[in-house]
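Each chain is listed here by its residues.
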Amino acid sequence: MTKAPCVAWLAAVSLIVAAPVAAQNAAPPTAAFDAAKGWASFAKLLHENYGYFARAGVDGDAILATFADRAKAARSDKDFIDVLQLVAHNFADPHFIVGPLDAGDWSVFPTASDMTGRYDGKAFLIAEVRAGGDAAAKGVRPGMAIARIDGLSPQAAIAAITGRAFADLSPVQIGFALDMALAGHRRQARVIEVRDGSRRRIYTLAAANAQAARIEDGPLLETERRGTLGIIRINNSLGNQQLIGAFSTALASLADSEAVLIDLRNTPSGGNTSVARGIMGHFVDHDRPYQMHVIPYETRVLGPTRKFVEYVAPFGQRYTGKVYVAGGHWTGSMGEGMMIGFDAIGATTVGTDLAHLLGALSNETIEGSAAQVDIGTEQLFTVTGLPREAYRPQLYLTQAERTLEGDPVLTAIGR
């Protein structure tokens, strides 16, 4: 396993949230595969460094105990990595990814996804459909009951993703696995069967990563005017340093607006605090705190707690009008950091629950395997101490995605 974090490394990781996710890429050559050594190294990494090893609905020790024998009995590194992926899925954290990923693995949620689901204890339902995705284009709508996903019942799909019986899973694990099942396998088309009232419908949907690829090839952001409101929509580019200049230019073009809406509903992955501060800096006239960090390794291994608050400083031309910031189920990682940051500096936030990518991301290696592990090694909080994953926008909505019928966010802010 990699050595214990040093001060310089900790300072670096607070600035960077990996994009693209390192675990999705091919791993470098390693020493000979050793399942027992790999498992011991993996378990040590999680116990010492993972910021979300235990939380409501997630018992880290119980998860490791469930999969220990299976992992140590793996006869190849691929089989071993497949078991570690099941472990990761049980932690119900989109930031926790074990790779390298292959064609048989599940899509990376929420980046490569266009639907979220929910289980109400009786039925599995479509909760939200992402604007611009194939599911929305073909008519999938919130409230539809999910009957089958690629030929499997929702219970069977969830069991396959977690490697455990459906009855043994907590609500948070069920919800996470359902979202992953709806996203499907990497680069593979999906067939979703739903009940829409008394009618049964079958949708054949494009691979969920197609939308992610279109966004990656598109503009960093888009601007729009609606009367006295200026809108800046950021297209999953919070890890691109060029966004700082592009945002400054876009904001300058809207300088005469009475209010601006910064739309983060399409920022599901990656990002770094340099870009975030380059954007938020236009909306402060003095240094302001925007998020709090805690390093779990320091408490668990070294003893004293390490906690610090990050600030945003004035940057570029200041905007003095009313500021709204929108987020939703496809607002993840640094997008979530910007939601809590804008809240802290006085903007009005609006939207649904966010994507809940936990913590500040680090990529780690383990001994005895080619596995690459992406996990949150810093716990993140609002400046008042609320865990970032517990944050809800000030104007809370049950659905926030744009549809042909309109935009719930614009309705909520009276526009």
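Just above sits the structure.
Just so it is clear, the model here is predicted, and its values are computed rather than measured.

Engineer: What exactly am I supposed to notice about the overall build of the protein chain here?
Structural biologist: Of the regular secondary structure elements, the protein chain holds 13 helices and 20 strands. For the protein chain, whose C-alpha radius of gyration is 21 Å, the value lies close to the compact-globule estimate of 22 Å for 415 residues. Per-residue burial over the protein chain gives 55% buried out of 415 residues. Looking at the protein chain alone, contacts between residues at least 24 apart form 71% of all its contacts between residues at least 6 apart. Per element, the accessible surface of the protein chain, about 16,600 Å² overall, is 53% carbon and sulfur. Separation of charge centres in the protein chain, based on 38 positive and 42 negative side chains, amounts to 3 Å.

Engineer: Can you help me understand the packing of aromatic side chains in this one?
Structural biologist: Each aromatic ring pair is described using two quantities: the centre-to-centre distance and the angle formed by the ring planes. Scanning all chains against the criterion turns up 14 aromatic pairs. Pairing Trp39 with Phe42 gives two aromatic rings, centres 5.7 Å apart and planes at 45°, and the pair type is tilted. Of the two residues, Trp39 and Phe42 are both situated in helix H2 (residues 35–49); the distance of 3 residues between them amounts to about one turn of the helix. Each member of the pair, Trp39 together with Phe42, is buried.

Engineer: Looking at this structure, how should I read the pattern of salt bridges?
Structural biologist: Summed over the entire model, instances satisfying the criterion amount to 15 salt bridges. For Asp196, the salt bridge is made with Arg201, and the minimal N-O distance between the two is 3.0 Å. Judged by its relative accessible area of 30%, Asp196 falls in the partly exposed class. By relative accessible area, Arg201 is classed as partly exposed at 25%. The residue Arg226 makes a salt bridge to Glu224 at a minimum N-O spacing of 3.0 Å. Judged by its relative accessible area of 25%, Glu224 is partly exposed. Members of the salt-bridge network, linked through shared partners, are Glu224, Arg226, Arg233, Asp263, Arg265 and Asp407.

Engineer: What am I meant to see in the nonpolar core here?
Structural biologist: Within soluble globular proteins, side chains that are nonpolar tend to cluster in buried spots. Residues Phe247, Ile262, Ile279, Phe283, Val323 and Phe342 are the most contacted members of the largest nonpolar core, which totals 33 residues. Broken down by secondary-structure element, the contributors of at least two residues to this core are strand E11 (229–234), helix H9 (242–253), strand E12 (259–263), helix H10 (273–280), strand E16 (322–327) and helix H12 (334–344). Not counting residues up to four positions away in its chain, the partners in contact with Val323 are Val260, Ile262, Phe283, Phe342, Ala347 and Thr348. Of all hydrophobic cores here, the second largest spans 31 residues; its members include Phe42, Phe80, Leu86 and Ala88.

Engineer: What should I look at first to understand a nonpolar patch on the surface in this one?
Structural biologist: Taken together, the side chains of Val309, Tyr311 and Val383 present a nonpolar region at the surface, about 230 Å² in accessible area. Mapped onto the secondary structure, Tyr311 falls in strand E15 (residues 306–312).

Engineer: Would you mind showing me how to read the side chain of Glu364 here?
Structural biologist: With respect to the helices and strands, the residue Glu364 is situated in strand E18 (residues 360–365). Although Glu364 is buried, it forms no salt bridge, and the closest oppositely charged side chain is Lys44 at an N-O distance of 10 Å.

Engineer: Please clarify how the sheet that holds E16 should be interpreted in this entry.
Structural biologist: Two strands in a sheet stick together by hydrogen bonds in their backbones, pointing the same way (parallel) or opposite ways (antiparallel). On the basis of which strands lie adjacent, the open sheet formed by 6 strands has the order E10-E11-E12-E16-E17-E20 and mixed pairing. Edge strands, defined here as strands with exactly one partner in the open sheet, are strand E10 (221–226) and strand E20 (395–396). Summarising the sheet, strand E17 (residues 348–351) and E20 pair through 2 bridges and their orientation is parallel. Directly across from Gly351, in E20, lies its bridge partner Tyr396. Strands E12, E16 and E17 of the sheet are contacted by H12, whose axis makes an angle of about 155° with E16.

Engineer: Can you walk me through the environment of Val58 in this structure?
Structural biologist: Considering the arrangement of structural elements, one finds Val58 in strand E3 (residues 58–59). Its relative accessible area of 4% is what places Val58 among the buried residues. Separated by 28 residues in the primary sequence, Val58 and Leu86 place their C-alpha atoms 14 Å from one another.

Engineer: Looking at this structure, how should I read the environment of Gly341?
Structural biologist: Here Gly341 is to be found in helix H12. Linking Gly341 and Glu48, residues 293 residues apart in sequence, is a C-alpha distance of 28 Å. If we ignore the near neighbours within four places in the chain, the residues touching Gly341 are Met280 and Tyr290.

Engineer: Where do I start with the pairing of strand E19 (residues 372–381) in this structure?
Structural biologist: Look at any regular strand and the pattern is simple: side chains alternate between the two faces of the sheet. Counting buried positions along E19 yields 10 of 10 residues, so the element is predominantly enclosed. Bridge count for strand E4 (residues 97–99) against E19 is 3 bridges, and the pairing is antiparallel. Looking across to E19, one finds that Ile97 is bridged to Asp374. Looking at chain direction, strand E14 (residues 288–295) and E19 are connected through 3 bridges and run antiparallel. Each residue of the ladder has a partner; that of Val294, found in E19, is Gln379. Hairpin connection, E18 to E19: the antiparallel pair is bridged by 6 residues, and Gly368 has positive phi, about 80°.

Definitions and cut-offs
Residues numbered from 1 in each chain as written. Predicted model: local features only at pLDDT ≥ 70, side-chain atom pairs only at ≥ 80, totals over all residues. Heavy atoms only, no water. Helix = DSSP H or I, 4+ residues; strand = E, 2+ residues; numbered from the N terminus. Rg over C-alpha atoms; globule rule 2.2 N^0.38 Å. Buried < 20%, exposed > 50% of the residue type's maximum accessible area, 1.4 Å probe, protein only. Contact = heavy atoms within 4.5 Å. Areas by Shrake-Rupley, 256 points an atom, 1.4 Å probe, with all protein chains shown as cover. Lys, Arg positive; Asp, Glu negative; His and termini not counted. Charge placed at Lys NZ, Arg CZ, Asp CG, Glu CD. Phe/Tyr/Trp six-rings, centres within 6.5 Å; stacked < 30°, edge-to-face > 60°. Salt bridge = Lys/Arg side-chain N within 4 Å of Asp/Glu carboxyl O. Core = buried A, V, L, I, M, F, W, Y, C linked by side-chain atoms within 4.5 Å. Patch = residues over 30% accessible without salt bridge, like charges linked within 9 Å, V, L, I, M, F, W, Y side chains within 5 Å. Pairing = 2+ DSSP bridges. Axes fitted to C-alpha atoms, helices over the stretch in contact; angles between N-to-C directions.

Everything listed here is a matter of coordinates, which is why it stays silent on function.
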